Amino acid sequence: MPTTVSMTVNGKKVSGQVEPRTLLVQFIRETLGLTGTHVGCDTSQCGACVVHVDGKSVKSCTMLAAQAEGANVLTIEGLATDGKLHPMQEAFREHHGLQCGFCTPGMVMSAIDLVKNNKNPSEHEIREWLEGNICRCTGYHNIVKAIAAGAKAMA
Amino acid sequence: MYSFEYQKAGSVADAAKAATGEAKLVAGGMTLIPTLKLRLAQPSKLVDLGGLKDLVGIKAEGGGVTIGAMTTHAAVASSAEVKKAIPALAALAAGIGDPAVRNRGTIGGSVANNDPAADYPAACVALGATIVTSKRKITADDFFKGLFETALEEGEVITAISFPAPEKAAYMKFRNPASRYALVGVFVAKTKGGVRVAVTGAGEGGVFRKKSFEEALGKSFAGSALDGVKVDAKGLNSDIHASADYRAHLIKVMAKRAVDAAK
(Lines give C-alpha, C1' and ligand atoms only; values in the text may rest on other atoms or scores of the structure.)
Protein backbone atom coordinates (compact mmCIF):
# COMPACT_ATOMS: atom_id res chain seq x y z
CA MET A 1 0.00 0.00 0.00
CA PRO A 2 1.59 3.32 -1.04
CA THR A 3 2.40 5.80 1.69
CA THR A 4 3.77 9.31 1.65
CA VAL A 5 7.32 10.03 2.80
CA SER A 6 8.71 13.46 3.47
CA MET A 7 12.31 14.45 4.01
CA THR A 8 14.76 17.21 3.28
CA VAL A 9 17.01 16.53 0.30
CA ASN A 10 19.85 18.95 -0.47
CA GLY A 11 18.16 21.57 1.66
CA LYS A 12 14.74 21.30 0.00
CA LYS A 13 11.68 19.77 1.58
CA VAL A 14 10.40 16.96 -0.61
CA SER A 15 7.73 14.33 -0.38
CA GLY A 16 6.41 11.56 -2.55
CA GLN A 17 4.38 8.39 -2.74
CA VAL A 18 6.33 5.20 -2.12
CA GLU A 19 5.69 1.58 -1.37
CA PRO A 20 7.05 0.32 1.96
CA ARG A 21 9.65 -1.65 -0.04
CA THR A 22 10.86 1.38 -2.02
CA LEU A 23 14.57 1.91 -1.41
CA LEU A 24 15.94 5.33 -0.57
CA VAL A 25 18.03 5.25 -3.75
CA GLN A 26 14.92 4.57 -5.84
CA PHE A 27 13.15 7.49 -4.22
CA ILE A 28 16.14 9.75 -4.89
CA ARG A 29 16.63 8.65 -8.49
CA GLU A 30 13.16 7.83 -9.71
CA THR A 31 10.83 10.04 -7.68
CA LEU A 32 13.11 13.06 -7.29
CA GLY A 33 15.01 12.57 -10.55
CA LEU A 34 18.38 13.06 -8.85
CA THR A 35 20.35 10.53 -10.86
CA GLY A 36 23.80 11.53 -9.59
CA THR A 37 23.47 8.84 -6.93
CA HIS A 38 24.24 5.57 -8.69
CA VAL A 39 23.27 1.95 -8.24
CA GLY A 40 26.25 -0.28 -8.87
CA CYS A 41 26.09 -3.66 -7.21
CA ASP A 42 22.72 -3.31 -5.46
CA THR A 43 24.13 -5.59 -2.73
CA SER A 44 25.57 -3.03 -0.26
CA GLN A 45 29.14 -3.59 -1.35
CA CYS A 46 30.20 -1.11 -4.02
CA GLY A 47 29.25 2.23 -2.46
CA ALA A 48 28.18 3.96 -5.69
CA CYS A 49 24.91 4.81 -3.89
CA VAL A 50 26.45 6.48 -0.81
CA VAL A 51 24.57 9.57 0.37
CA HIS A 52 24.53 11.33 3.73
CA VAL A 53 21.53 10.82 6.00
CA ASP A 54 21.51 13.17 8.97
CA GLY A 55 25.17 13.87 8.33
CA LYS A 56 26.39 10.28 8.09
CA SER A 57 27.35 8.27 5.02
CA VAL A 58 24.96 5.43 4.27
CA LYS A 59 24.34 3.07 1.37
CA SER A 60 21.05 4.29 -0.04
CA CYS A 61 20.46 0.94 -1.76
CA THR A 62 20.28 -0.66 1.69
CA MET A 63 17.84 1.68 3.35
CA LEU A 64 14.13 2.02 2.80
CA ALA A 65 12.78 5.41 1.79
CA ALA A 66 10.36 5.02 4.70
CA GLN A 67 13.31 4.75 7.10
CA ALA A 68 14.47 8.19 5.95
CA GLU A 69 11.15 9.84 6.89
CA GLY A 70 11.94 13.25 8.35
CA ALA A 71 15.67 12.90 7.70
CA ASN A 72 18.08 15.36 6.22
CA VAL A 73 19.58 13.81 3.09
CA LEU A 74 22.54 15.13 1.13
CA THR A 75 23.35 13.77 -2.33
CA ILE A 76 26.15 14.57 -4.76
CA GLU A 77 23.91 17.21 -6.37
CA GLY A 78 23.80 19.11 -3.09
CA LEU A 79 27.55 19.68 -2.78
CA ALA A 80 28.27 22.43 -5.26
CA THR A 81 27.19 25.94 -4.30
CA ASP A 82 26.40 28.64 -6.86
CA GLY A 83 28.03 26.65 -9.63
CA LYS A 84 31.25 26.21 -7.63
CA LEU A 85 32.36 22.64 -6.99
CA HIS A 86 32.81 21.42 -3.41
CA PRO A 87 36.55 21.27 -2.54
CA MET A 88 36.40 17.45 -2.59
CA GLN A 89 34.80 17.45 -6.07
CA GLU A 90 37.42 19.92 -7.23
CA ALA A 91 40.18 17.69 -5.82
CA PHE A 92 38.82 14.67 -7.74
CA ARG A 93 38.91 16.74 -10.93
CA GLU A 94 42.35 18.17 -10.26
CA HIS A 95 43.95 14.82 -9.33
CA HIS A 96 42.20 12.77 -11.97
CA GLY A 97 40.40 10.76 -9.30
CA LEU A 98 38.06 9.18 -11.81
CA GLN A 99 38.06 7.50 -15.15
CA CYS A 100 34.56 6.34 -16.15
CA GLY A 101 33.05 8.23 -13.22
CA PHE A 102 30.49 5.66 -12.18
CA CYS A 103 31.77 5.21 -8.62
CA THR A 104 32.64 8.89 -8.20
CA PRO A 105 29.48 10.20 -6.50
CA GLY A 106 29.79 7.54 -3.80
CA MET A 107 33.54 8.05 -3.50
CA VAL A 108 33.09 11.79 -3.00
CA MET A 109 30.29 11.37 -0.44
CA SER A 110 32.32 8.78 1.50
CA ALA A 111 35.42 10.98 1.33
CA ILE A 112 33.56 13.95 2.81
CA ASP A 113 32.29 11.79 5.67
CA LEU A 114 35.87 10.60 6.29
CA VAL A 115 37.14 14.17 6.55
CA LYS A 116 34.30 15.01 8.96
CA ASN A 117 35.59 12.23 11.24
CA ASN A 118 39.29 12.68 10.57
CA LYS A 119 40.48 16.07 9.33
CA ASN A 120 43.92 14.94 8.26
CA PRO A 121 43.69 11.29 7.22
CA SER A 122 46.82 9.34 6.33
CA GLU A 123 47.03 7.41 3.08
CA HIS A 124 46.45 4.22 5.04
CA GLU A 125 43.37 5.65 6.76
CA ILE A 126 41.95 6.78 3.42
CA ARG A 127 42.45 3.32 1.92
CA GLU A 128 40.85 1.66 4.97
CA TRP A 129 37.89 4.03 4.80
CA LEU A 130 37.29 3.14 1.15
CA GLU A 131 36.62 -0.50 2.05
CA GLY A 132 32.98 0.02 1.11
CA ASN A 133 33.60 1.89 -2.17
CA ILE A 134 34.63 -0.06 -5.22
CA CYS A 135 36.19 1.45 -8.35
CA ARG A 136 36.84 -0.73 -11.38
CA CYS A 137 38.89 1.76 -13.43
CA THR A 138 41.54 3.83 -11.75
CA GLY A 139 42.82 1.34 -9.23
CA TYR A 140 42.30 3.80 -6.38
CA HIS A 141 45.67 5.50 -6.57
CA ASN A 142 44.42 8.85 -7.81
CA ILE A 143 41.26 8.58 -5.74
CA VAL A 144 43.41 8.35 -2.62
CA LYS A 145 45.51 11.31 -3.79
CA ALA A 146 42.36 13.31 -4.52
CA ILE A 147 40.91 12.61 -1.08
CA ALA A 148 44.14 13.64 0.66
CA ALA A 149 44.12 16.89 -1.33
CA GLY A 150 40.40 17.39 -0.77
CA ALA A 151 40.88 16.97 2.98
CA LYS A 152 43.52 19.71 2.96
CA ALA A 153 41.29 21.97 0.89
CA MET A 154 38.38 21.43 3.29
CA ALA A 155 40.47 22.40 6.34
CA MET B 1 11.72 -7.53 -2.65
CA TYR B 2 8.34 -9.02 -1.98
CA SER B 3 5.95 -6.39 -0.74
CA PHE B 4 5.33 -5.90 2.97
CA GLU B 5 3.67 -3.47 5.32
CA TYR B 6 5.79 -1.01 7.23
CA GLN B 7 5.25 0.29 10.73
CA LYS B 8 7.44 2.65 12.69
CA ALA B 9 7.41 1.55 16.33
CA GLY B 10 6.61 4.34 18.78
CA SER B 11 7.88 2.46 21.83
CA VAL B 12 9.46 -0.86 22.79
CA ALA B 13 6.06 -2.09 23.97
CA ASP B 14 4.60 -1.07 20.63
CA ALA B 15 7.35 -3.00 18.79
CA ALA B 16 6.92 -6.08 20.96
CA LYS B 17 3.20 -6.09 20.30
CA ALA B 18 3.62 -5.70 16.54
CA ALA B 19 6.45 -8.22 16.11
CA THR B 20 4.34 -11.34 16.04
CA GLY B 21 3.46 -13.89 13.39
CA GLU B 22 5.12 -13.15 10.06
CA ALA B 23 6.15 -9.62 11.07
CA LYS B 24 9.85 -8.88 11.54
CA LEU B 25 11.70 -6.23 13.50
CA VAL B 26 14.18 -4.10 11.58
CA ALA B 27 16.99 -2.29 13.39
CA GLY B 28 19.71 -0.91 11.09
CA GLY B 29 18.65 -3.29 8.32
CA MET B 30 22.20 -4.05 7.18
CA THR B 31 21.44 -7.77 7.01
CA LEU B 32 17.67 -7.79 6.72
CA ILE B 33 17.34 -5.44 3.74
CA PRO B 34 19.86 -7.36 1.59
CA THR B 35 18.05 -10.55 2.63
CA LEU B 36 14.73 -9.09 1.49
CA LYS B 37 16.27 -7.91 -1.77
CA LEU B 38 17.37 -11.46 -2.49
CA ARG B 39 13.87 -12.65 -1.65
CA LEU B 40 15.28 -14.96 0.98
CA ALA B 41 12.64 -13.77 3.45
CA GLN B 42 9.05 -12.71 3.06
CA PRO B 43 7.81 -10.94 6.18
CA SER B 44 4.26 -9.64 6.18
CA LYS B 45 5.36 -6.50 7.95
CA LEU B 46 8.53 -4.67 8.99
CA VAL B 47 8.41 -3.06 12.40
CA ASP B 48 11.07 -0.35 12.40
CA LEU B 49 12.90 0.31 15.66
CA GLY B 50 14.65 3.29 14.08
CA GLY B 51 12.71 5.95 15.95
CA LEU B 52 13.34 4.57 19.46
CA LYS B 53 15.86 7.07 20.77
CA ASP B 54 15.87 5.54 24.27
CA LEU B 55 17.50 2.43 22.78
CA VAL B 56 20.47 4.50 21.60
CA GLY B 57 23.39 5.28 23.85
CA ILE B 58 26.30 3.97 25.89
CA LYS B 59 26.55 4.09 29.67
CA ALA B 60 29.60 3.27 31.77
CA GLU B 61 28.34 1.15 34.67
CA GLY B 62 30.21 -0.73 37.39
CA GLY B 63 33.45 -0.72 35.41
CA GLY B 64 31.73 -2.14 32.32
CA VAL B 65 29.44 -0.67 29.70
CA THR B 66 25.78 -0.98 28.85
CA ILE B 67 25.03 -0.35 25.19
CA GLY B 68 21.54 0.42 23.93
CA ALA B 69 20.33 -2.04 21.29
CA MET B 70 19.98 0.62 18.57
CA THR B 71 23.50 1.97 19.05
CA THR B 72 25.42 1.80 15.78
CA HIS B 73 28.76 0.07 15.29
CA ALA B 74 30.27 3.49 14.47
CA ALA B 75 29.09 4.86 17.82
CA VAL B 76 30.52 1.88 19.74
CA ALA B 77 33.82 2.12 17.82
CA SER B 78 34.27 5.80 18.66
CA SER B 79 32.87 5.74 22.21
CA ALA B 80 35.28 7.05 24.86
CA GLU B 81 33.48 4.92 27.49
CA VAL B 82 33.90 1.70 25.49
CA LYS B 83 37.52 2.47 24.57
CA LYS B 84 38.29 3.01 28.24
CA ALA B 85 36.44 0.03 29.72
CA ILE B 86 36.82 -2.57 26.94
CA PRO B 87 39.12 -1.39 24.14
CA ALA B 88 38.79 -4.79 22.44
CA LEU B 89 35.05 -4.19 22.00
CA ALA B 90 35.58 -0.77 20.40
CA ALA B 91 38.17 -2.32 18.07
CA LEU B 92 35.77 -5.13 17.14
CA ALA B 93 33.03 -2.61 16.28
CA ALA B 94 35.48 -0.63 14.15
CA GLY B 95 36.16 -3.76 12.08
CA ILE B 96 32.57 -4.62 11.16
CA GLY B 97 31.60 -4.11 7.50
CA ASP B 98 32.60 -0.74 6.11
CA PRO B 99 32.06 2.85 7.33
CA ALA B 100 28.62 3.28 5.73
CA VAL B 101 27.48 -0.07 7.12
CA ARG B 102 28.80 0.87 10.57
CA ASN B 103 26.74 4.07 10.41
CA ARG B 104 23.50 2.07 10.11
CA GLY B 105 24.15 -1.37 11.59
CA THR B 106 23.34 -1.81 15.28
CA ILE B 107 24.57 -4.04 18.08
CA GLY B 108 21.04 -5.23 18.87
CA GLY B 109 20.38 -6.16 15.25
CA SER B 110 23.64 -8.07 14.97
CA VAL B 111 23.08 -10.00 18.19
CA ALA B 112 19.42 -10.78 17.38
CA ASN B 113 20.36 -12.05 13.93
CA ASN B 114 23.19 -14.29 15.24
CA ASP B 115 24.87 -14.71 11.89
CA PRO B 116 27.46 -17.48 12.28
CA ALA B 117 30.15 -15.11 10.93
CA ALA B 118 29.09 -12.02 12.90
CA ASP B 119 31.61 -10.43 15.26
CA TYR B 120 29.46 -9.30 18.20
CA PRO B 121 28.31 -12.77 19.31
CA ALA B 122 31.96 -13.66 20.03
CA ALA B 123 32.35 -10.54 22.20
CA CYS B 124 29.11 -11.24 24.06
CA VAL B 125 30.06 -14.83 24.86
CA ALA B 126 33.73 -14.20 25.74
CA LEU B 127 32.99 -11.18 27.91
CA GLY B 128 30.04 -12.88 29.63
CA ALA B 129 27.60 -10.19 28.49
CA THR B 130 23.97 -9.99 29.50
CA ILE B 131 21.34 -9.43 26.81
CA VAL B 132 18.55 -7.28 28.21
CA THR B 133 15.19 -7.64 26.51
CA SER B 134 11.69 -6.25 26.88
CA LYS B 135 10.93 -9.31 29.04
CA ARG B 136 14.07 -10.46 30.89
CA LYS B 137 17.82 -10.64 31.13
CA ILE B 138 19.61 -13.48 29.34
CA THR B 139 23.27 -14.45 29.74
CA ALA B 140 25.18 -14.69 26.47
CA ASP B 141 25.91 -18.37 27.18
CA ASP B 142 22.16 -19.03 27.13
CA PHE B 143 21.27 -16.58 24.37
CA PHE B 144 23.00 -17.91 21.24
CA LYS B 145 21.32 -21.17 20.24
CA GLY B 146 22.63 -22.01 16.77
CA LEU B 147 22.74 -20.67 13.22
CA PHE B 148 20.59 -17.54 13.21
CA GLU B 149 18.88 -18.90 16.33
CA THR B 150 18.64 -17.19 19.70
CA ALA B 151 16.67 -17.51 22.92
CA LEU B 152 14.44 -14.62 21.82
CA GLU B 153 10.76 -15.43 21.85
CA GLU B 154 8.05 -14.01 19.66
CA GLY B 155 7.38 -10.41 20.57
CA GLU B 156 10.61 -10.08 22.58
CA VAL B 157 12.79 -7.07 21.79
CA ILE B 158 16.45 -6.60 22.77
CA THR B 159 16.79 -3.26 24.54
CA ALA B 160 20.43 -3.26 25.68
CA ILE B 161 23.53 -5.37 26.13
CA SER B 162 25.66 -5.13 29.28
CA PHE B 163 29.33 -6.00 29.14
CA PRO B 164 31.33 -6.40 32.34
CA ALA B 165 34.89 -5.13 31.94
CA PRO B 166 37.53 -7.84 31.65
CA GLU B 167 41.05 -7.57 33.04
CA LYS B 168 42.35 -7.97 29.51
CA ALA B 169 40.79 -8.86 26.17
CA ALA B 170 41.36 -8.86 22.44
CA TYR B 171 39.55 -9.96 19.28
CA MET B 172 41.35 -11.25 16.24
CA LYS B 173 39.69 -12.22 13.01
CA PHE B 174 40.89 -13.76 9.81
CA ARG B 175 38.77 -12.16 7.14
CA ASN B 176 37.44 -13.83 4.06
CA PRO B 177 39.48 -11.94 1.45
CA ALA B 178 36.39 -11.20 -0.67
CA SER B 179 33.46 -10.70 1.70
CA ARG B 180 35.63 -9.51 4.64
CA TYR B 181 33.42 -11.49 7.01
CA ALA B 182 35.18 -13.52 9.69
CA LEU B 183 36.38 -16.82 8.28
CA VAL B 184 37.45 -17.33 11.87
CA GLY B 185 37.23 -14.77 14.66
CA VAL B 186 38.44 -15.41 18.20
CA PHE B 187 37.62 -13.22 21.20
CA VAL B 188 39.75 -13.90 24.27
CA ALA B 189 38.90 -12.34 27.64
CA LYS B 190 40.74 -12.68 30.93
CA THR B 191 38.04 -12.02 33.51
CA LYS B 192 37.81 -12.23 37.28
CA GLY B 193 36.00 -15.52 36.90
CA GLY B 194 38.63 -17.03 34.59
CA VAL B 195 39.60 -16.95 30.94
CA ARG B 196 36.85 -17.12 28.32
CA VAL B 197 37.44 -17.82 24.64
CA ALA B 198 34.69 -17.51 22.02
CA VAL B 199 34.98 -18.44 18.36
CA THR B 200 32.86 -17.07 15.53
CA GLY B 201 32.83 -17.79 11.78
CA ALA B 202 33.97 -21.38 12.22
CA GLY B 203 31.32 -23.44 13.97
CA GLU B 204 28.49 -25.33 12.28
CA GLY B 205 26.25 -24.11 15.09
CA GLY B 206 27.48 -20.52 15.19
CA VAL B 207 29.49 -18.98 18.02
CA PHE B 208 30.99 -21.38 20.59
CA ARG B 209 33.33 -21.40 23.59
CA LYS B 210 36.66 -23.17 23.30
CA LYS B 211 36.93 -24.81 26.70
CA SER B 212 40.31 -26.48 26.12
CA PHE B 213 41.83 -23.08 25.36
CA GLU B 214 40.19 -21.58 28.44
CA GLU B 215 41.74 -24.26 30.67
CA ALA B 216 45.22 -23.86 29.18
CA LEU B 217 45.07 -20.07 29.34
CA GLY B 218 43.73 -20.23 32.91
CA LYS B 219 47.02 -21.85 33.91
CA SER B 220 49.18 -19.46 31.91
CA PHE B 221 47.79 -16.46 30.02
CA ALA B 222 50.28 -16.51 27.15
CA GLY B 223 49.92 -17.47 23.50
CA SER B 224 52.51 -20.21 23.96
CA ALA B 225 50.18 -21.92 26.47
CA LEU B 226 48.11 -23.04 23.46
CA ASP B 227 51.01 -24.69 21.62
CA GLY B 228 50.22 -28.18 22.88
CA VAL B 229 46.42 -27.91 22.67
CA LYS B 230 44.88 -29.76 19.75
CA VAL B 231 41.93 -28.25 17.84
CA ASP B 232 39.52 -30.83 16.49
CA ALA B 233 37.99 -29.99 13.09
CA LYS B 234 34.80 -31.87 14.02
CA GLY B 235 31.81 -29.54 14.09
CA LEU B 236 33.57 -26.85 12.07
CA ASN B 237 32.31 -25.45 8.79
CA SER B 238 33.75 -26.66 5.54
CA ASP B 239 32.86 -24.65 2.45
CA ILE B 240 34.36 -23.11 -0.69
CA HIS B 241 36.14 -20.54 1.46
CA ALA B 242 37.95 -22.85 3.85
CA SER B 243 38.01 -26.49 4.91
CA ALA B 244 37.22 -27.50 8.47
CA ASP B 245 40.89 -28.42 8.99
CA TYR B 246 42.02 -24.99 7.86
CA ARG B 247 39.49 -23.32 10.14
CA ALA B 248 40.73 -25.47 13.04
CA HIS B 249 44.25 -24.27 12.30
CA LEU B 250 43.13 -20.65 12.14
CA ILE B 251 41.31 -20.88 15.47
CA LYS B 252 44.59 -21.55 17.23
CA VAL B 253 46.51 -18.93 15.25
CA MET B 254 43.90 -16.24 15.91
CA ALA B 255 43.57 -17.23 19.59
CA LYS B 256 47.32 -16.95 20.12
CA ARG B 257 47.38 -13.55 18.44
CA ALA B 258 44.48 -12.40 20.59
CA VAL B 259 46.15 -13.55 23.81
CA ASP B 260 49.38 -11.80 22.88
CA ALA B 261 47.52 -8.61 21.91
CA ALA B 262 45.17 -8.59 24.93
CA LYS B 263 45.05 -5.38 26.95
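About the cut-offs
- Residues numbered from 1 in each chain as written.
- Chains lettered and ligands numbered in written order.
- Predicted model: local features only at pLDDT ≥ 70, side-chain atom pairs only at ≥ 80, totals over all residues.
- Heavy atoms only, no water.
- Salt bridge = Lys/Arg side-chain N within 4 Å of Asp/Glu carboxyl O.
- Helix = DSSP H or I, 4+ residues; strand = E, 2+ residues; numbered from the N terminus.
- Buried < 20%, exposed > 50% of the residue type's maximum accessible area, 1.4 Å probe, protein only.
- Pairing = 2+ DSSP bridges.
- Lys, Arg positive; Asp, Glu negative; His and termini not counted.
- Contact = heavy atoms within 4.5 Å.
- Domains from an automatic or database assignment.
- Buried area = accessible area lost by both parts, 1.4 Å probe.
- Polar contact = N/O pair within 3.5 Å; in protein donor to acceptor, adjacent residues only side chain to side chain.
- Nonpolar A, V, L, I, M, F, W, Y, C, P; charged D, E, K, R; others polar.

**Re the pattern of salt bridges**
Pairing of side chains with opposite charge becomes possible as their charged atoms draw close.
Residue and element names in this part refer to chain B.
Okay, so step 1: By the definition in use, this model includes 17 salt bridges over all chains.
Okay, so step 2: In this structure, Asp141 engages Arg196 in a salt bridge whose closest nitrogen and oxygen atoms are separated by 2.9 Å. In this pair, Asp141 sits in helix α9 (residues 140–143) while Arg196 sits in strand β13 (residues 194–200), placing the two residues 55 residues apart along the sequence.
Okay, so step 3: By relative accessible area, which is 38% here, Asp141 ends up partly exposed.
Okay, so step 4: The salt bridge involving Arg209 is made with Glu214; its shortest N-O contact spans 2.9 Å.
Okay, so step 5: Accessibility expressed as a relative area gives 25% for Arg209, which makes it partly exposed.
Okay, so step 6: Beyond isolated ion pairs, a larger network of salt bridges with shared partners links Lys135, Arg136, Glu153 and Glu156.

**Side note on the pairing of strand β1 (residues 3–9) of chain A**
All names here are of chain A.
Okay, so step 1: Two elements, β1 and strand β2 (residues 12–18), share seven bridges in a ladder whose sense is antiparallel. Among the inter-strand pairings, Thr8 is bridged to a residue of β2, identified as Lys13.
Okay, so step 2: Counted along the chain from β1 to the antiparallel partner β2, the turn is two residues long, and its residue Asn10 has a positive phi close to 50°.
Okay, so step 3: As paired elements, β1 and strand β5 (residues 72–74) share two bridges and run parallel to each other. Bridge assignment links Thr8 to a residue of β5, and that residue is Asn72.

**Quick word on the side chain of Arg102 of chain B**
Okay, so step 1: Along the polypeptide, Arg102 of chain B turns up in helix α6 (residues 99–102).
Okay, so step 2: Nearest to the buried, unbridged Arg102 of chain B among oppositely charged side chains is Glu131 of chain A, at 5.4 Å.
Okay, so step 3: Dropping the residues within four chain positions of it, Arg102 of chain B is found in contact with Thr72, His73, Ala74, Ala93, Ala94, Gly95, Ile96 and Gly97 of chain B.

**A short note on the domain arrangement of chain B**
All names here are of chain B.
Okay, so step 1: Per the domain assignment, the segments making up chain B are domain 1 (5–46), domain 2 (57–163) and domain 3 (168–261).
Okay, so step 2: Residue-level contacts link eleven residues of domain 1 with 13 residues of domain 2.
Okay, so step 3: Roughly 880 Å² is buried in total at the junction of domain 1 and domain 2, and carbon and sulfur atoms are behind 72% of that figure.
Okay, so step 4: When the buried surface of domain 1 facing domain 2 is broken down by residue, Val12, Ala27 and Met30 rank first, second and third, together holding 45% of it.
Okay, so step 5: Seen at the junction of domain 1 and domain 2, the total is two residue pairs in polar contact (both at pLDDT 80 or more).
Okay, so step 6: Take the side of domain 1 that touches domain 2: its biggest share by element is three residues, from helix α1 (residues 12–18).
Okay, so step 7: Looking at side-chain class alone, the side of domain 1 that touches domain 2 contains seven nonpolar, four polar and no charged residues.

**Thoughts on unusual backbone geometry**
Residue and element names in this part refer to chain A.
Okay, so step 1: The backbone of Ser44 sits at a positive phi, close to 65°, despite the residue not being glycine.
Okay, so step 2: Within the secondary structure layout, Ser44 lies in the loop between α1 (24–31) and β3 (50–53).
Okay, so step 3: One non-glycine residue, His96, lies in positive phi territory at about 50°.
Okay, so step 4: Mapped onto the elements, His96 comes out in the loop between α2 (87–94) and α3 (104–117).

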